[in-house]
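Letter by letter, the chains look like this.
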Amino acid sequence: MTIDPSMLPVARHVGEDEVPWVENITYPGTFMRLLQADVEACVYAMAGRLPAGLAVGTHRHTGAVHMFTLSGAWGYREHDYVNRAGSYLYEPPGSVHTLYVPEDNTELTETLTVVYGTTEYLDEDGKIIAVTDAATNLETYYQSCEAAGLPRPNAILR
């Protein structure tokens, strides 16, 4: 049996100069690089730079989340641990939490996150008030690029 090399999947690469850091229009003061947005599979990979004092609304994930902390620190209001440089966090589907970056954080918090499924933002009563996914994050990234006066990058893996 001969394998046709053209039928095999190939690795794909995104260089830092191909997908720029832009200020996230949803969370001013935060910066993002969307590396992958597979809308059909509902998965995305994003690098983030989070300032001290950032607070993200309480949310629930419908799929698994893998989050790597490259620098700085961040945590969840519902837990005692703090994620620091070198930390890895796995969030199982259905987990609910409220992300924050400590006010006294002395260095920029940088993360790399892979999110499967949707993220449901919740009000105080647990009702869904907003939903994000690969498609909405792709659109937010494009809008953030446009707000920064940058063209839409072609290198985002889809």
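What comes next concerns the included structure. (Residues numbered from 1 in each chain as written. Predicted model: local features only at pLDDT ≥ 70, side-chain atom pairs only at ≥ 80, totals over all residues. Heavy atoms only, no water.)

So, the nonpolar core
Next, step 1: Within the largest apolar cluster, 20 residues are counted, with the highest numbers of intra-cluster contacts made by Val14, Val19, Leu34, Tyr44, Leu138, Tyr141 and Ile156.
Next, step 2: Residue contributions to this core peak at five residues, all from helix α1 (residues 134-147).
Next, step 3: Non-local contacts of Tyr141, meaning those with residues more than four positions away in its chain, are made with Val19, Pro20, Val22, Met32, Arg33, Leu34, Pro153 and Ile156.
Next, step 4: The next biggest cluster of nonpolar side chains, apart from the first, holds 10 residues, and it includes Met67, Tyr76, Leu89 and Leu99. (Core = buried A, V, L, I, M, F, W, Y, C linked by side-chain atoms within 4.5 Å. Buried < 20%, exposed > 50% of the residue type's maximum accessible area, 1.4 Å probe, protein only. Helix = DSSP H or I, 4+ residues; strand = E, 2+ residues; numbered from the N terminus. Contact = heavy atoms within 4.5 Å.)

Some remarks on the sheet that holds strand β7 (residues 82-84)
Adjacent strands of a sheet pair through backbone hydrogen bonds, lying either parallel or antiparallel.
Next, step 1: One open sheet accounts for three strands, arranged β7-β6-β10; its pairing is antiparallel. With partners counted over all chains shown, the strands left at the sheet margins are β7 and β10 (99-100), one partner each.
Next, step 2: Note: strand β6 (residues 73-76) against β7, three bridges, orientation antiparallel. Pairing of Ala73 across the sheet is with Arg84, part of β7. (Pairing = 2+ DSSP bridges.)

What about the pairing of strand β11 (residues 109-116)?
Next, step 1: Examined bridge by bridge, strand β3 (residues 43-50) and β11 share eight bridges and lie antiparallel to one another. The partner of Met46 across the bridge, within β11, is Thr113.
Next, step 2: Where strand β5 (residues 65-71) meets β11, six bridges bridge the pair, whose relative direction is antiparallel. Bridge pairing in β11 places Val65 opposite Val115.

As for α1
Residues spaced three or four apart along an α-helix point in a common direction, a consequence of the helix completing one turn every 3.6 residues.
Next, step 1: For α1, spanning 14 residues, the distance from its first C-alpha to its last is 20 Å, which sits close to the expected 20 Å at 1.5 Å a residue.
Next, step 2: Ala134, Asn137, Leu138, Thr140, Tyr141, Tyr142, Ser144 and Cys145 are the residues of α1 that are buried.
Next, step 3: Backbone geometry just downstream of α1 places Gly149 in the positive-phi region, at approximately 75°. (Expected span 1.5 Å × (residues − 1).)

Topic: the packing of aromatic side chains
Next, step 1: Counted according to the given criterion, the structure contains two aromatic pairs.
Next, step 2: With a centroid separation of 5.1 Å and an interplanar angle of 40°, the aromatic rings of Phe68 and Tyr88 are classed as tilted. One end of the pair, Phe68, is in strand β5; the other, Tyr88, is in strand β8 (residues 88-91), with 20 residues separating them in the sequence.
Next, step 3: You can call Tyr88 partly exposed: its relative accessible area is 42%.
Next, step 4: Residue placement shows Arg49 over the ring face of Trp21; its charged tip is 3.7 Å from the ring centre.
Next, step 5: The ring of Tyr100 carries Arg77 above its face, with NZ or CZ at 4.0 Å from the centroid. (Phe/Tyr/Trp six-rings, centres within 6.5 Å; stacked < 30°, edge-to-face > 60°. Lys NZ or Arg CZ within 6 Å of the ring centre and 35° of its normal.)

Examining the pattern of salt bridges
Next, step 1: Evaluation of the coordinates by the stated rule reveals four salt bridges.
Next, step 2: The shortest N-O distance in the salt bridge between Arg49 and Glu110 comes to 3.6 Å. Here the residue Arg49 occupies a position in strand β3, and Glu110 occupies one in strand β11, the gap between them amounting to 61 residues.
Next, step 3: Arg49 gets classed as partly exposed once you look at its relative accessible area, which sits at 24%.
Next, step 4: Where Arg152 meets Glu139, a salt bridge forms, and the shortest distance between an N and an O atom there is 3.9 Å. Remark: Glu139 occurs in helix α1 and Arg152 occurs in the segment after α1; sequence separation between them is 13 residues. (Salt bridge = Lys/Arg side-chain N within 4 Å of Asp/Glu carboxyl O.)

Here's the deal with the sheet that holds strand β9 (residues 96-97)
Next, step 1: Strand order in this open sheet of four strands is β9-β4-β12-β13, and the pairing throughout is antiparallel. The open sheet is flanked by β9 and β13 (128-132), the only strands paired with a single partner.
Next, step 2: Bridging between strand β12 (residues 119-122) and β13 involves four bridges; their strand directions are antiparallel. Across the sheet, Tyr121 pairs through a bridge with Ala130, a residue of β13.

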